[in-house]
Amino acid sequence: MTRVLIVGGSDAGISAGLRARELAPGVETTLVIADAYPNFSICGIPYHVSGEIPDWRSLAHRSQGDLAAAGLQLLLEHTAQRIDPAARILTVTDRSGSEQALAYDTLIVATGAIPIRPPIVGLDSLGPAEGVHLLHTMDDAFALTDTLTNRPTERALIVGAGYIGMEMADSLTVRGLSVTVVEALPQVLPTVDPELATLVEAELVAHRVEVVTGTTVTEIRQVGRELVVSGAAGFNRTVDLVLVVVGVRPDAALATAAGAAIGVRGALAVDRHMRTTLPDVFAAGDCVHTHHRLLPEPTYLPLGTTAHKQGRVAGGKCSGTP
Ligand SMILES: Cc1cc2nc3c(=O)[nH]c(=O)nc-3n(C[C@H](O)[C@H](O)[C@H](O)COP(=O)(O)OP(=O)(O)OC[C@H]3O[C@@H](n4cnc5c(N)ncnc54)[C@H](O)[C@@H]3O)c2cc1C
């Protein structure tokens, strides 16, 4: 029986596993997942934080029972440590640190991305206990809702006006906080045309969000129970919560340590069938670069919608069907 091993249990990993089983119900499909939240909607986190989706369990696209019924074996809270491509062995550790060697015929790496920590003084020493948050995983979401529930939190400052910054400005405003968004570039949503960004900014202001563009945050200091955020050109605000959401970088280390080639912006290089340069090793999602229909060269596009489709392609190619 063909053994398909998948590292990662989010958009890319799950769609790969489901597609492999859909095309070849006989393949043995095992997912090694570092956390305890397989197939959760990371994209839905802002709507849980806002209170619009009160129960975090509702963010699961499928239950573990659904995934088992689809033929996916889950190794939760197991972390892939290294790939031996010549022997086709993946070494994993469980929560206690004990190692296990898993053999595969094909491997799909879907390890996702890591949130970028910009060079802000204080960011390394302050964390959720002080009201300073990053947002990328379910555990990050739990830490944020814990702060919002258990600390007096009325004023929030969001560093980064990309789409997650915008969603969180909405989320925290719905939750009743007064929100300031600070963006280093001259407009909110820096990837869209200025005309559209102007409309988005007007909508934010209409909802009483303070928007500060063209300003780099340089320092976060804790003063008593408050956080003082300062930046270029005398920028200074005192808040209760700081959320840093300035983008992600690919989590490619597992595959590159085994010799996989790097593509765009540190992401794994894959061909249009999601093959890495390692034999029988595919990759998909935020850890890979993306072949874009409108662009002549690959780009880096860490989005759930992309991860899901790439996972389907990888899973299809691994299923052993032509
Ligand atoms: C707040 C927020 C809102 C978002 N909203 C949207 C949106 O509206 N639309 C959109 O398209 N995208 C959105 N995104 C982006 C989207 O969530 C990601 O692009 C998508 O989750 C990427 O999926 P992935 O499977 O590649 O990686 P991830 O979701 O990062 O998952 C990586 C998986 O790999 C596992 N893993 C990592 N390393 C190891 C290891 N060594 N061993 C075992 N397991 C490992 C992790 O536990 C996890 O299961 C949002 C992201 C955030 C944070």
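These numbers come from a predicted model, not from an experiment.

Re helix H4 (residues 138-150)
Then, number 1: End to end, H4 covers 18 Å across 13 residues, agreeing with the expected 18 Å (1.5 Å per residue, within 8%).
Then, number 2: Within H4, burial applies to Ala141, Leu144, Thr147 and Leu148. Buried residues of H4, viewed axially, fall in a sector of 125 degrees; they line one side. The outward face of H4, more than 90 degrees from its buried face, is lined by the exposed residues Asp139, Thr149 and Asn150.
Then, number 3: On its buried face, H4 sits against helix H2 (45-49), strand S9 (132-134) and strand S16 (241-244).

Observations concerning the sheet that holds strand S1 (residues 3-7)
Then, number 1: Strand order in the open sheet made by the five strands is S3-S2-S1-S7-S18, with parallel pairing throughout. Unpaired on one side and paired on the other, strand S3 (72-76) and strand S18 (281-283) mark the two borders of the sheet. Each strand of the sheet is rotated relative to its neighbour by a mean of 20 degrees, with strand direction disregarded.
Then, number 2: When S1 meets strand S7 (residues 106-109), the two strands line up parallel, connected through four bridges. For valine 4, the partnering residue across the bridge sits in S7 and is threonine 106.
Then, number 3: Strand contacts of helix H1 (residues 11-23): S1, strand S2 (28-33), S3 and S7, with the helix running at about 175 degrees to S2, the strand carrying the most contacts.
Then, number 4: Of the strands in this sheet, S1, S7 and S18 are in contact with helix H8 (residues 304-318), which crosses S7 at around 175 degrees.

Quick notes on the site of the ligand
Then, number 1: Within the structure, the ligand sits among 34 residues, and Gly8, Ser10, Gly112, Gly285 and Gly304 are positioned closest to it.
Then, number 2: Among the secondary structure elements, those contributing two or more residues to the shell around the ligand are H1, S2, H2, strand S4 (79-84), helix H5 (163-174) and H8.
Then, number 3: For the shell around the ligand, a count of residues per class yields 18 nonpolar, eleven polar and five charged.
Then, number 4: Here the shell around the ligand spans two domains, since at least three of its residues come from each of domain 1 (3-114 + 248-318) and domain 2 (117-244).

Overview of the pairing of strand S10 (residues 155-159)
Then, number 1: Counting buried positions along S10 gives four out of five residues, so the element sits mostly inside the fold.
Then, number 2: The pairing of S10 with S16 spans four bridges and is classified as parallel. Considered in S16, the bridge of isoleucine 158 is made with leucine 243.

Here's the deal with the nonpolar core
Then, number 1: Ile108, Val109, Ala110, Ala255, Leu268, Ala283 and Ala284 are the most contacted members of the largest nonpolar core, which totals 44 residues.
Then, number 2: Ignoring any residue separated from it by four or fewer positions in sequence, one finds alanine 283 in contact with Ile108, Val109, Ala110, Ala255, Leu268, Val270, Met274, Thr276 and Val288.

Quick notes on the environment of valine 7
Then, number 1: Mapped onto the elements of the fold, valine 7 is located in strand S1.
Then, number 2: Its 29 C-beta neighbours within 10 Å are what place valine 7 among the buried residues.
Then, number 3: For the pair formed by valine 7 and isoleucine 42, sequence separation is 35 residues and the distance between their alpha carbons is 17 Å.
Then, number 4: Those residues within four positions of valine 7 in sequence are excluded, and the remaining contacts are Val32, Ala80, Val109, Ala110, Thr111 and Leu254.

Quick notes on the domain arrangement of the protein
Then, number 1: Partitioning the protein into structural domains gives domain 1 (3-114 + 248-318) and domain 2 (117-244).
Then, number 2: Taken over C-alpha atoms, the centre of domain 1 sits 29 Å from the centre of domain 2.
Then, number 3: Listed as interface residues are 13 residues of domain 1 and, on the opposing side, 14 residues of domain 2.
Then, number 4: Tallying contributions element by element places H2 first for the side of domain 1 that touches domain 2, with five residues.

What counts, and at which threshold
- All chains use their own residue numbering, which begins from 1 and follows the written sequence.
- Owing to the predicted nature of the model, reporting of local features is limited to residues with pLDDT of at least 70; listing and counting of side-chain atom pairs is limited to 80 or more, with chain, interface and lining totals taken over all residues.
- Put simply, DSSP H or I for four residues or longer makes a helix, DSSP E for two residues or longer makes a strand, and each gets a number counted from the N terminus.
- The length a helix should cover is 1.5 Å for every residue beyond the first.
- Each residue is classed by its C-beta neighbour count within 10 Å, where at least 20 other C-beta atoms makes it buried, 12 or fewer makes it exposed, and intermediate counts make it partly exposed; the C-beta atoms are placed from backbone geometry.
- Summarising the geometry, the arc corresponds to the directions from the helix axis toward the C-beta atoms.
- Once C-beta atoms are placed from the backbone, any two residues with those atoms within 7 Å are in contact.
- One requirement defines pairing of two strands: DSSP has to find at least two bridges between them.
- Axes here mean lines fitted to C-alpha atoms, for a helix over just the part in contact, with angles spanning 0 to 180 degrees between N-to-C directions.
- Only the C-beta atom matters for this test: placed from the backbone, it must lie within 6 Å of a molecule or strand for the residue to be near it.
- Charged residues are taken to be Asp, Glu, Lys and Arg, nonpolar residues to be Ala, Val, Leu, Ile, Met, Phe, Trp, Tyr, Cys and Pro, and polar residues to be all remaining types, Gly included.
- For every domain, the bounds stem from an assignment made automatically or drawn from a database.
- Think of a nonpolar core as buried Ala, Val, Leu, Ile, Met, Phe, Trp, Tyr and Cys residues chained together by C-beta atoms that fall within 7 Å.

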